[in-house]
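Listed below, chain by chain, are the residues.
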Amino acid sequence: MINIEILSNIDIDYYNFVVLSQDKDKWDVTTNIDGLKKKIEREAKKVKNKDDLEFISFIQKRLKTIVKGDINKLKKIQNIIEVKYTKVWKKIKSYNENAPKGKKRKFIYTILEKIFVTYGYESIISEKIAYKMLRKLDIKVCPYCNINYISFSGTNSNKGIRPELDHFYPKSHYPYFAVSFYNLIPSCRNCNGLKSNNFPKGLYSPYEISENNDDFKFKYIAKNINILSTSLNNIEKGIDKITFQKEIIANNKMFHLDDLYQVHKDVVAEVIWKNRNFPNVLRDSYKNFGISKREAYRIVFCNYSDVNEFNKRPLSKLTYDIQKYF
Ligand SMILES: [Zn+2]
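Numbering of residues starts from 1 in each chain and follows the order in which that chain's sequence is written. Given that the model is predicted, a residue must reach a pLDDT of at least 70 before its local features are reported, and side-chain atom pairs must reach 80 or more before they are shown or counted; all residues, however, enter totals for whole chains, interfaces and linings. Heavy atoms from the whole structure form the basis of all side-chain values; hydrogens and water molecules are not counted.

**With respect to the coordination of the zinc ion**
- Listed as protein donors to the zinc ion are Cys142 (SG), Cys145 (SG), Cys188 (SG) and Cys191 (SG); their distances from the metal cover 2.3 Å.
- The sequence pattern formed by the donor residues of the zinc ion is C-x2-C-x42-C-x2-C. For Na, K and Ca the donor cutoff is 3.2 Å, while for all other metals N, O and S atoms count as donors only within 2.8 Å; water does not appear among the atoms, so some sites may look incomplete.

Following this line, the structure appears as structure tokens:
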């Protein structure tokens, strides 16, 4: 897994449009829409139960944090919901997609689903701004696996393809986070499919890890002397397993990373070879070529070395964790 860093004000523009229906030109939207704020006000009138009403009022008061708060703020909101609104949380939690029709969801769940999932996510985000938002984020490789490119064609859902948006807090169980900016993770079809409605304990979001998080660091286990060979094939045969500093981490299990990475032993073999035989001409004198140390790395390792650029090319983190140039 690699982190996502947001460098612009995209989350503020997002909030202004999704909630307040402002700045539609920033999203190339031509028609007027009702923002989420108005939608909640309308739907709240249908709620009669006292606990449910208090809950809706809490959601309204914290709407700004819910829509543009970072992942730690969302965790705090969730904590408050579980502690202070226990009765309502139980009703929301009781959603069961396998239950008979009419018994799948409680009334408060239906209201939240209508506001945040059907209207907020499907009608506003998915239909109107997902393309633009993903283009602005400019993430080229899935942050969950760092294996698959997430590609675009066209400019809207009628004519093109775009990366999927995974709900880190699944929208089926946490409907009020269905439009939360930092809950939407651009991802590949495989990872989004594997994650689906699952939300195991200990799962990390790409928005909450930092470059210092060694839990996601790759390493390899060598099985024999072949690793010292000069032949790439022999080095590859000498690698027993590509693994992680911390194997049990929930993300590695969720996205099958333990299995998926084993087919990339050839890449690790190349990096091991380059560690030993990094062309001296670049190692010692890259400045003579008018390039930086990072550019020399890119030329030799065919990948990026800056943690903020890992999202530009597959296997960037694997390569970086094994290399010994930096
Ligand atoms: Zn992926």
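This is not the end of the story, as more comes after the structure.
**Describing the pairing of strand β2 (residues 184-187)**
- We call a residue buried when its accessible area falls under 20% of the maximum for its residue type, exposed when it is over 50%, and partly exposed in between, using a 1.4 Å probe and counting protein chains only. Secondary structure elements follow DSSP: runs of H or I of four or more residues count as helices, runs of E of two or more count as strands, with numbering from the N terminus. Residues Leu184 and Pro186 point to one face of β2 and Ile185 and Ser187 to the other, with burial holding for every one of them.
- Note: two strands are recorded as paired if DSSP finds a minimum of 2 bridges between them. Where strand β1 (residues 164-167) and β2 come together, 4 bridges link them in antiparallel fashion. Counted as the bridge partner of glutamate 164 is serine 187 from β2.

**Examining helix α2 (residues 36-44)**
- Those residues of α2 that sit buried are Leu36, Lys39, Ile40, Glu43 and Ala44. Along the long axis of α2, the arc covered by the buried residues comes to 130°, so they all point the same way.
- Here, two residues are considered to be in contact whenever any of their heavy atoms come within 4.5 Å of each other. In the core, the buried residues of α2 are packed alongside α1 (10-18), α3 (50-61), α4 (63-68) and α7 (107-137). As used here, the arc is the angular range of directions from the helix axis to the C-beta atoms.

**Let's talk about the domain arrangement of the chain**
- Domain boundaries assigned for the chain yield domain 1 (10-195) and domain 2 (214-322).
- Buried area is calculated as the accessible area (1.4 Å probe) missing from two parts once they are joined, with the contributions of both summed. Buried area between domain 1 and domain 2, both sides added, is near 1,200 Å², and the carbon and sulfur share of it is 63%.
- Contact with domain 2 buries surface across domain 1, with Asn146, Ile147 and Leu194 losing the most and accounting together for 47% of the total.
- What makes a salt bridge here is a side-chain nitrogen of Lys or Arg within 4 Å of a carboxyl oxygen of Asp or Glu, nothing more. Linking domain 1 with domain 2 are 0 salt bridges, by the criterion used here. The domain limits used here are those given by an automatic or database domain assignment.

**Comments concerning α3**
- Helix span, as expected, comes to 1.5 Å for every residue beyond the first. When the terminal C-alpha atoms of α3 are compared, their 17 Å separation across 12 residues agrees well with the 16 Å that a helix rising 1.5 Å per residue should span.
- All buried positions along α3 are accounted for by Asp52, Phe55, Ile56, Phe58 and Ile59. Looking down the long axis of α3, one finds its buried residues gathered within 155° of arc, a one-sided arrangement. Of the exposed residues in α3, those oriented more than 90 degrees away from the buried face are Lys50 and Lys61.
- Against α2, α4, α5 (71-84), α6 (86-93) and α7 lie the buried residues of α3.
- Polar contacts, as counted here, are pairs of nitrogen or oxygen atoms within 3.5 Å of one another; within protein the pair requires one atom able to donate a hydrogen and one able to accept it, and residues that are adjacent in sequence qualify only if both atoms are side-chain atoms. The backbone nitrogen of aspartate 51 lies 2.9 Å from a side-chain oxygen of the residue at the head of α3, namely asparagine 49.

**Comments concerning the environment of glutamate 5**
- Inspection of the secondary structure assignment puts glutamate 5 in the segment before α1.
- Residues glutamate 5 and tyrosine 182 lie 177 residues apart in sequence; the distance between their C-alpha atoms is 11 Å.

**Looking at the packing of α2 against α3**
- Two elements in contact, α2 and α3, have axes separated by 11 Å at closest approach and are oriented at 170°. Put simply, α2 runs roughly antiparallel to α3. Where α2 approaches α3, its residues Ile40, Glu41 and Ala44 are matched on the opposing element by Leu53, Ile56 and Gln60.
- By the convention adopted, Pro, Cys, Tyr, Trp, Phe, Met, Ile, Leu, Val and Ala count as nonpolar, Lys, Arg, Asp and Glu as charged, and the other residues, Gly among them, as polar. Looking at the contact of α2 with α3 residue by residue, the class counts come to 4 nonpolar, 1 polar and 1 charged. As a rule, the C-alpha atoms of each element are fitted with a line to give its axis, helices using only the stretch in contact, and angles between N-to-C directions run from 0 to 180 degrees. Reported orientations rely on four angle classes, namely roughly parallel under 35 degrees, roughly antiparallel over 145, roughly perpendicular from 65 to 115, and oblique for the rest.

**Topic: the pattern of salt bridges**
- Evaluated as defined, the whole model comprises 18 salt bridges.
- Linking aspartate 23 and lysine 26 is a salt bridge whose minimum nitrogen-to-oxygen distance equals 3.9 Å.
- Residue classification places aspartate 23 among the partly exposed positions, given a relative accessible area of 28%.
- We note a salt bridge from glutamate 43 to lysine 46, for which the minimum N-O separation is 2.9 Å.
- For glutamate 43, a relative accessible area of 4% corresponds to the buried category.

**A closer look at the packing of aromatic side chains**
- Think of it this way: a Phe, Tyr or Trp ring, Trp meaning its six-membered ring, pairs with another when their centres are within 6.5 Å, and the plane angle makes it stacked under 30 degrees, edge-to-face over 60, tilted otherwise. This model, assessed by the stated rule, comprises 28 aromatic pairs.
- The interplanar angle of 85° and the centroid separation of 6.0 Å between the aromatic rings of phenylalanine 168 and tyrosine 169 together place this pair among those described as edge-to-face. We note that phenylalanine 168, like tyrosine 169, is buried.
- Each ring, one from tyrosine 174 and one from phenylalanine 199, has its centre 5.6 Å from the other, and the planes form 70°; the classification is edge-to-face. You can see tyrosine 174 sitting in the loop between β1 and β2 and its partner phenylalanine 199 sitting in the loop between α8 (189-195) and β3 (218-222), a full 25 residues away along the chain.
- For tyrosine 174, a relative accessible area of 12% translates into the label buried.

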